[in-house]
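Listed below are the residues making up each chain.
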Amino acid sequence: MSGRSGTGLRRARLAVLVAGLVAAPAAAQAADPEARGRLLFLQCRACHTLALGEGHKVGPNLNGVMGAAAGTRPGFAAYSKALRESGITWDEAALDRFLAAPGRAVPGTSMAFAGLPRPEDRAAVIAFLARATR
Ligand code: HEC
């Protein structure tokens, strides 16, 4: 389907763009993981909003997700059974495991994202998320 490959291409371009942005002022970002996390979160923005009251996209609005049970963002009807029944509570360790490889951490999840292989990238995204979803 052409729509699908178009999305793939856009996502690939976005990944390149994000890689460039993240590589640029590496020293400054190392000192400020939240700023680095904000850039890395551009990959997540396609599917997630963060602020209270913003609408859901393909994925749920993530406001209030820290400390919450998985699969409980209000008004999001498209959770997988796998995530709803995972028993996960989102703290830093649980997010770290999930974001490394969503499909491995929660087999059957509908989050179509390969994962963030680098621990420092996950730490930066989680630091940003924790603040941006409060
Ligand atoms: C292609 C769309 C897509 C992308 C990209 C994506 N997500 Fe998701 N995300 C989803 C969907 C869909 C779900 C619900 C998964 C399920 O029900 O199994 C989800 C679930 C989640 C959850 C659990 C929410 C809850 O209420 O339990 C978190 C946290 C999350 N995503 C964070 C991220 C972060 C951080 C990124 C970027 C590194 C990201 N996502 C990238 C679609 C996406």
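Report on the accompanying structure. Computed from a predicted model, the values in this text were never measured in an experiment.

Parameters at a glance
Residues numbered from 1 in each chain as written. Predicted model: local features only at pLDDT ≥ 70, side-chain atom pairs only at ≥ 80, totals over all residues. Helix = DSSP H or I, 4+ residues; strand = E, 2+ residues; numbered from the N terminus. Buried ≥ 20, exposed ≤ 12 C-beta atoms within 10 Å, placed from the backbone. Contact = placed C-beta atoms within 7 Å. Near = placed C-beta within 6 Å. Nonpolar A, V, L, I, M, F, W, Y, C, P; charged D, E, K, R; others polar. Arc of directions from axis to C-beta. Core = buried A, V, L, I, M, F, W, Y, C linked by C-beta atoms within 7 Å. Axes fitted to C-alpha atoms, helices over the stretch in contact; angles between N-to-C directions. Parallel < 35°, antiparallel > 145°, perpendicular 65-115°, else oblique.

## Focus on the overall build of the protein
In terms of helices and strands, the protein carries eight helices and zero strands. Tracing the protein from N to C terminus, the helices and strands come up as α-α-α-α-α-α-α-α. The 134 residues of the protein split such that 23% are buried. Look at the contacts in the protein between residues 6 or more apart in sequence, and 44% of them connect residues 24 or more apart.

## Looking at the environment of A35
With respect to the helices, strands and loops of the structure, A35 is situated in helix α3 (residues 33-40). Since 16 C-beta atoms lie within 10 Å of it, A35 is described here as partly exposed. For A35 and A124, which are 89 residues apart along the polypeptide, the C-alpha to C-alpha distance reads 7.9 Å.

## Describing the site of the ligand
Around the ligand, a shell composed of 28 residues is seen, among which C44, C47, G59, S80 and L83 lie nearest. Breaking the shell around the ligand down by element, the ones donating at least two residues are α4 (42-45), α5 (81-84) and α8 (119-132). The class makeup of the residues in the shell around the ligand is 19 nonpolar, eight polar and one charged.

## Topic: α3
By the burial criterion, the buried members of α3 are R36, G37, L39 and L40. Along the long axis of α3, the arc covered by the buried residues comes to 160°, so they all point the same way.

## Some words on the nonpolar core
If you look at soluble globular proteins, the nonpolar side chains tend to sit buried side by side. In terms of nonpolar packing, the biggest core is built from 17 residues, with L95, L99, V125 and L129 touching the most fellow members. Elements with a minimum of two residues in this core: α3, α6 (92-100) and α8. The leading source of residues in this core is α8, at five residues.

## Things to note about α6
All buried positions along α6 are accounted for by L95, F98 and L99. Along the axis of α6, the buried positions cluster into a sector of 90°, meaning they face one direction only. On its buried face, α6 is in contact with α7 (102-105) and α8.

## Comments concerning the environment of L14
Inspection of the secondary structure assignment puts L14 in helix α1 (residues 2-23). Separated by 29 residues in sequence, L14 and Q43 place their C-alpha atoms 7.1 Å apart. Sequence-distant contacts of L14, defined by excluding residues within four places in its chain, comprise L42 and Q43.

## Considerations on the packing of α3 against α8
Packed helix pairs are characterised by how far apart their axes lie and by the angle those axes make with each other. Here α3 crosses α8 at 95°, and the two axes come no closer than 7 Å. Classified by the angle their axes make, α3 and α8 are roughly perpendicular. When α3 is examined against α8, the residues P33, E34, R36, G37, R38 and L40 are found in contact with a partner set consisting of D121, A123, A124, V125, A127, F128 and R131.

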